[in-house]
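For reference, the chains in residue letters:
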Amino acid sequence: MINSIGSPTHTSASHEDRNYASDIDHQPVRFVHTISEAGRLLPSASQWNSIELDFHLAPQSNTTYDSLPSRYSKSFDYELVITDKKYFKRFVYVSILIVFVVLAIVLLVQFLPHKHKHHGKSKNITLALNQALMFFDAQKSGNYPSNSPVKFRGSSGLQDGNTSNPPADLKGGFYDSGKNIKFSFPTAYTITLLSWTVIEYHDKYDSIGELDHVKDIIRWGSDYLLKIFDPPNSTTAPIIIYSQVGSNHTNGYNDVTCWQRPEDMNYTRPVSVCNETASDLAGEIMAALSAASIVFKDDTGYSIKLIQSAEKLFEVATKNDTGHHQGTYTAVEDCGGEARMYYDSSGYQDELIWGGTWLFFATGNTSYLGYATSNFSAAEGEETASELGVFYWNNKLTANAVLLTRLRYFHDLGYPYEVGLGSSSNKIDLLICSYLSREIYSRTPGGLILLRPDHGEPLQFAATASFLGKLYSDYLELLRRSGVSCSSKFYSVEMLREFSISQVNYILGDNPMKMSYMVGFGNKYPTHVHHRAASIPWDDQHYSCPEGDRWLYSTDPNPNILYGAMVAGPDKFDNFLDDRDKPWFTEPTIASNAGLVAALIALHDPPYKSSDSNGTNLGIDLTGIFKNLQLVPPGT
């Protein structure tokens, strides 16, 4: 006979009920299999697929099974009596095992690395940043450093400046792109932007071992900028600003018609000269020198030299309000040179207030801030419709508004600057909303924002938008603000960061082509980059201009990997052609790469042990940019 393993006790049972219960203890057990929808147990006389543990979850009475009381009855107490220890032990062991397995899974989920831990980032930002900085090493001109990580480059352009009148030492600087021309305007923009990233995120650079590297790149550029503008020794001496080294304005082979490594150049490299009326060029140079002076604040002598040159340039560039010209249209005949083709500046007001703003941060002199805020509206009026909200080498207005908004948020000087600063913060809130709303700026089918859809080369604009978006989101978080509102719409800080991440991820491979547009990153990237040095073997052989053409038109991949170079990118339909002879797809530039570096460092995880002044760990230096500001009311 099979033993019963449990019996219920009815708290209000009569004597007869107890006798009935004792009688049924000697009857065969009915095996219970299921519970009906009404909560009643359904009996079975079969042992098939049944259990020998009968917990008597439903109380027994003198009624049949079909009339058992509801399981919701409150008048019964239940007890569990174990009559078969073998099955009970098995049940306990299995239960304990399940608990341990569940606990182990929870611990693994908690402590294993999260691939998407930080706002959905999935790319190796550290590696991408390492490589993006290497591109600037590949672009260096002059006496090439022996410790450079780029091994297919050497000294070049050592005669630069010898043909100018008077001769000048113009060795150094950076080749602008895949061409061997050195343009002062985008070089200055590059140094300004890289310096800004160091001022904001130097702890991040330091935590990944790249602070000295990026500062070396900045110094390489600022040294060159000091050469192209040498302050005159007297008030009557003419102002000279060298705007370009190398040109196609020569007979025979030149920097455009000759496909040749920089180390092999032996053709004439003319120099283009401007004066102080090239206001856009002057404004960008003063911005670069001022921002770099903050980066090198610990090198007092060098920092002072940078500031003094910037202040002198500001003085001569702003002394005559009627004498301004864009650098490419100045009265000096040869000013601009190839810049008329490649860097055709559309205005100068944005560069002058950009220079004035950076001079203010570098010196603390509020007269520079006064110039920037009082002329901000004029710069807005000069901004073309196709460039609204775009930050790149030709338009600094948006970035300048971010800087002035930073000042208002964290170091507000009050009267008489509050109107200009307030206008800037309103402009930035509207910009951020335009990034996210998709009502102003369209996207490619793959998600790349198109800030200038009719221009091409979209990656450079998306990169700086990503930088400004992430930087501004850091400001908002430091202020404990949850986002920005525009009309009836609200956009959170998290949404802004996701936008910034999405643009960088697109550049690094999350796109319909499944291609990283940064050379050397990922499994698939452009291999036919429009770049002279990368496309010609580094084999101790000298290749003439005609011999170089075979490499230009070759279908073979470049023999040298130009690590970190962000190419121009796809068209507005996400299509891309990896063709060396199509520079509108495959040519990188230092100005574009500066924007990529800015976005990458902004999105990089902060140092583990660092925190900002309010306890938020964002890796941003909240007060460093204000180090030179004086807490003295204007006019005292």
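All values reported here derive from a predicted model rather than from experimental measurement.

Caption draft 1: Inspection of the overall build of the chain at higher detail. Assigned secondary structure in the chain consists of 19 helices and 11 strands. Every one of the 636 residues in the chain was classed for burial, and the buried ones make up 53%. By sequence separation, contacts in the chain at least 24 residues apart represent 72% of the contacts at least 6 residues apart. Accessible area for the chain stands at about 28700 Å²; split by element, carbon and sulfur atoms hold 54% of it.

Caption draft 2: Broad picture of the sheet that holds strand 5 (residues 182-183). The antiparallel open sheet is built from three strands, whose spatial order is 5-6-7. The two strands at the open ends of the sheet, each matched to only one other strand, are strand 5 and strand 7 (271-274).

Caption draft 3: The layout of surface pockets, seen in detail. Counted as a void, the second largest pocket has a volume near 420 Å³. Lining the second largest pocket are 21 residues, with Y342, Y343, E457, E587 and T589 positioned closest to its centre. At the level of elements, helix 8 (339-342) and helix 18 (583-586) are the ones that each hand at least two residues to the lining of the second largest pocket.

Caption draft 4: Representation of the state of the cysteines within the structure. Applying the stated criterion across every chain, the model contains two disulfides. In this model, C258 is linked to C545 through a disulfide, with the two sulfur atoms separated by 1.9 Å. Taking the sign of the S-S torsion, -95° for the link of C258 and C545, the bridge is left-handed. Placement of the pair is C258 in the loop between strand 6 (241-245) and strand 7 and C545 in helix 17 (residues 545-552), with a sequence separation of 287 residues.

Caption draft 5: Broad picture of the nonpolar core. Membership of the largest hydrophobic core comes to 161 residues, with the highest contact counts inside it found for W196, W358, F361, Y435 and F467. Looking at this core element by element, the count peaks at 12 residues for helix 14 (residues 459-478). Not counting residues within four places of it along the chain, the set of residues in contact with F467 comprises L193, W196, T197, Y201, A598, A599 and A602.

Caption draft 6: Quick look at empty space enclosed by the protein. Applying the stated criterion across every chain, the model contains three cavities of 30 Å³ or more. Of the pockets and cavities examined, the second largest cavity occupies roughly 70 Å³. If you go around the second largest cavity, the residues you meet are S346, G347, D350, A379, E382, E383, T384, E387, N394, N395 and L397. Tallied by class, the residues present in the lining of the second largest cavity amount to two nonpolar, five polar and four charged.

Caption draft 7: Broad picture of the pairing of strand 6. Burial of strand 6 is extensive: five of the five residues sit out of reach of the surface. Of the pairings in the sheet, the one linking strand 5 to strand 6 comprises two bridges and is antiparallel in character. Looking across to strand 6, one finds that F183 is bridged to Q244. Relative to strand 7, strand 6 runs antiparallel, the two sharing four bridges. Paired with I241 across the strands is C274, a residue of strand 7.

Caption draft 8: Representation of the confidence of the model for the chain in the model. For the chain, per-residue confidence averages 83 on the pLDDT scale, and residues scoring 70 or more make up 77% of the total. Within the model, the stretch residues 1-78 combines pLDDT values under 50 with 77 contacts to residues more than four positions away or in other chains. Long-range and interchain partners of residues 113-119, a stretch whose pLDDT sits below 50, account for 11 contacts in this model, where long-range means more than four residues apart.

Caption draft 9: View of the packing of helix 4 (residues 184-207) against helix 19 (residues 590-603). In the contact formed by helix 4 and helix 19, the axes pass within 9 Å of each other and the chain directions differ by 10°. In terms of their interaxial angle, helix 4 and helix 19 are classed as roughly parallel. Viewed along their axes, helix 4 and helix 19 form a crossing whose handedness is left-handed. The residues of helix 19 that touch helix 4, namely those facing P186, T187, Y189, T190, L193, L194, T197, Y201, K204 and Y205, are I590, A591, A594, G595, V597, A598, I601, A602 and L603. Residue composition of the contact of helix 4 with helix 19, by class: 14 nonpolar, four polar and one charged.

Caption draft 10: Here's a closer look at the packing of aromatic side chains. Per the counting criterion, the structure on display carries 32 aromatic pairs. Grouped by ring-pair contacts, the aromatic residues Y189, W196, W354, W358, F360, F361, F391, F467 and F626 constitute a single cluster. Lying across the ring of W220, K140 places its NZ or CZ 4.6 Å from the centre. Against the face of F296 rests R219, its NZ or CZ located 5.6 Å from the ring centre.

Caption draft 11: Focus on helix 9 (residues 349-363). The end-to-end C-alpha separation of helix 9 is 21 Å, in line with the 21 Å expected for 15 residues at 1.5 Å each. With 15 of 15 residues buried, helix 9 is to be regarded as a mostly interior element. Phi turns positive one or two residues past the end of helix 9, at G364, with a value near 80°.

Caption draft 12: Region of interest: the environment of H213. Relative to the helices and strands, H213 is located in helix 5 (residues 211-228). Separated by 79 residues in the primary sequence, H213 and M134 place their C-alpha atoms 9.0 Å from one another. Each residue touching H213, except ones within four places of it in the same chain, is listed here: L133, M134 and D137. Only 2.8 Å separates the side chain of H213 from the side chain of E210, close enough to count as a polar contact.

Conventions adopted
Residues numbered from 1 in each chain as written. Predicted model: local features only at pLDDT ≥ 70, side-chain atom pairs only at ≥ 80, totals over all residues. Heavy atoms only, no water. Helix = DSSP H or I, 4+ residues; strand = E, 2+ residues; numbered from the N terminus. Buried < 20%, exposed > 50% of the residue type's maximum accessible area, 1.4 Å probe, protein only. Contact = heavy atoms within 4.5 Å. Areas by Shrake-Rupley, 256 points an atom, 1.4 Å probe, with all protein chains shown as cover. Pairing = 2+ DSSP bridges. 1 Å grid on protein atoms, 1.4 Å probe; cavity = no way out; pocket = protein on both sides within 12 Å on 5 of 7 lines; lining within 4 Å. Points joined across faces, edges and corners; volume = space filled by probe spheres on them. Disulfide = S-S within 2.5 Å. Core = buried A, V, L, I, M, F, W, Y, C linked by side-chain atoms within 4.5 Å. Nonpolar A, V, L, I, M, F, W, Y, C, P; charged D, E, K, R; others polar. pLDDT = per-residue confidence, 0-100. Axes fitted to C-alpha atoms, helices over the stretch in contact; angles between N-to-C directions. Parallel < 35°, antiparallel > 145°, perpendicular 65-115°, else oblique. Left-handed = near helix turned anticlockwise from the far one by under 90°. Phe/Tyr/Trp six-rings, centres within 6.5 Å; stacked < 30°, edge-to-face > 60°. Lys NZ or Arg CZ within 6 Å of the ring centre and 35° of its normal. Expected span 1.5 Å × (residues − 1). Polar contact = N/O pair within 3.5 Å; in protein donor to acceptor, adjacent residues only side chain to side chain.

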